[in-house]
Amino acid sequence: MKGGNQVKTDDLRQVIKIGEVDGEDLVKVSVSKLKNWKACQQKYHYKYVQKLRPKTKSRPLTLGGLVHKCLEAHDMGEDWVQVIRDYNENEFSKLFLEERAELGDIPRDCLRICRAYFNHYLEIDKKFETIACEVGFMIRVPGTKYVIEGIIDKVARNTVTNKVWGIEHKTMKKGLPTETYRATDIQTTVYEWALAVMAPELGFEAKDLGGMMFDYIKTKPPTVPKILKNGTMSKAKIDCDKWTYIEYLKKAGLDPADYKDFIDTLASDDSFRRIPLAKSKTMVKLIMTDFINGIDQMKQWENKPTRNLAWTCDRPKCEYRELCMAELQGIDTKEIIKLNFETREDENGKDSGTDDSDD
């Protein structure tokens, strides 16, 4: 595939274009766009045709988005704590008290989650060399008018094995998805295909591509330990990491050395998991074929949306549920749209980065 070019936006941030990707007659599609269409064509119509976006984000999306920004800043060598300070000052502190109560203490929760994450991977990450962050790509599919776009969180090389991995941060509030879920995940399959195409632009050979790595991060913040009546810190088994426990020991004026044995039992394995996955060329080819066929179907029926009325309208709650139900009842929805939505362009292929259980 010829005609590639690379745009370097910052030290490590990349925007890569392969083939002819600009033109009024071209169709630009991201994985999230096609997944939305397959889930519910009416939802797709609200989001991508009418371009309606909820004014208020849910807690999972808000917290997950802030965690992602902190990880990106850290990978770029920037101050990730300042990202939280900026969010707190410019966004969170300006919300109504009711909105903050509904979201929870996002800044504080994000700080505890990210601190535990970076400490958990402190030694492991010394074996990885970051090639690029937030790798935006636009790739023209040969023989079609389709341009596949997306943004890969991180591309890194394992300096021990010399294998290159695309890394996708996935925040979650429940347990890990199944192995079958990962094997059939469309997003990471498309990203693995894209990385093989973009390898020369990123400075490595396609044969050195290991695959995609799922970087799972539990968004349930560590539980705060309690002070007992006798003035000591509780050693009851709680979902807490050692760094949070030490923080609250110091706040209480207690010496962490006196609690060393208990602190050593506190692990983060349940909160953070990285799972590498290399898919066969056959699987990648077949899933990419299905992906292209899905785009064909989407373009054919894009202007004739059909509602997928099912339990998924409520669990997890669809962000367009009230609007959709009002239309079904013949209610004028202008005021609903005015109060609850704003008009925004597409997110240029950026996936929410949350596991489905968090949506």
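Refer to the structure above for everything that follows.
Quick caveat, the model's predicted, so the values are computed rather than measured.

**Here we look at the nonpolar core**
Right, on to step 1. Ranked by internal contacts, the top residues of the largest apolar core, which has 37 residues, are Ile 148, Ile 152, Val 155, Met 198, Leu 202 and Phe 291.
Right, on to step 2. Grouped together as the second largest cluster of nonpolar side chains are 22 residues, Ala 73, Leu 103, Ile 106 and Tyr 121 included.

**Quick notes on the side chain of Asn 36**
Right, on to step 1. The residue Asn 36 is located in helix H1 (residues 31–39) in this model.
Right, on to step 2. With a relative accessible area of 9%, Asn 36 lands in the buried category.
Right, on to step 3. In this structure Asn 36 touches Lys 43, Tyr 44, Lys 47 and Tyr 48, once residues within four positions along its chain are discounted.

**A closer look at helix H2 (residues 41–49)**
Right, on to step 1. Listed in full, the buried residues belonging to H2 are Gln 42, Tyr 44, His 45, Tyr 46, Lys 47 and Tyr 48.
Right, on to step 2. For H2, the elements touching its buried residues are H1, strand E4 (52–54), helix H11 (281–301) and helix H12 (321–328).
Right, on to step 3. Of the residues trailing H2, Lys 51 is marked for its positive phi of about 60°.

**Examining the pairing of strand E6 (residues 146–158)**
Right, on to step 1. Of all 13 residues in E6, 13 are buried; the element is thus mostly enclosed.
Right, on to step 2. Summarising the sheet, strand E3 (residues 27–29) and E6 pair through three bridges and their orientation is parallel. Bridge pairing links Val 27 to Tyr 146 in E6.
Right, on to step 3. Two elements, strand E5 (residues 128–140) and E6, share eleven bridges in a ladder whose sense is antiparallel. By the bridge assignment for E6, Ile 139 is matched with Ile 148.
Right, on to step 4. In sequence, E5 turns back onto E6 through a hairpin of five residues, with Gly 143 there showing a positive phi of about 80°.
Right, on to step 5. Direction of pairing for E6 relative to strand E7 (residues 164–172): antiparallel, over a ladder of four bridges.

**Side note on the packing of aromatic side chains**
Right, on to step 1. Tallying each qualifying case throughout the model produces 13 aromatic pairs.
Right, on to step 2. Ring geometry for Tyr 117 versus Phe 272: centroids 5.5 Å apart, planes at 80°, classification edge-to-face. In this pair, Tyr 117 is assigned in helix H6 (residues 106–120) and Phe 272 in strand E9 (residues 272–277), connecting sequence segments 155 residues apart. In terms of burial, Tyr 117 and Phe 272 fall into one category: buried.
Right, on to step 3. Measuring from ring centre to ring centre gives 5.5 Å for Tyr 320 and Phe 341, while their planes differ by 5°; the resulting arrangement is stacked. Pair noted here: Tyr 320 is in the loop between H11 and H12 and Phe 341 is in strand E10 (residues 341–343), with a separation of 21 residues, a long-range link. Each member of the pair Tyr 320 and Phe 341 is classed as buried.
Right, on to step 4. Of the aromatic side chains, those joined through ring pairs into one cluster are Trp 80, Tyr 117, Phe 118, Tyr 121 and Phe 272.

Definitions and cut-offs
- Residues numbered from 1 in each chain as written.
- Predicted model: local features only at pLDDT ≥ 70, side-chain atom pairs only at ≥ 80, totals over all residues.
- Heavy atoms only, no water.
- Core = buried A, V, L, I, M, F, W, Y, C linked by side-chain atoms within 4.5 Å.
- Buried < 20%, exposed > 50% of the residue type's maximum accessible area, 1.4 Å probe, protein only.
- Helix = DSSP H or I, 4+ residues; strand = E, 2+ residues; numbered from the N terminus.
- Contact = heavy atoms within 4.5 Å.
- Pairing = 2+ DSSP bridges.
- Phe/Tyr/Trp six-rings, centres within 6.5 Å; stacked < 30°, edge-to-face > 60°.

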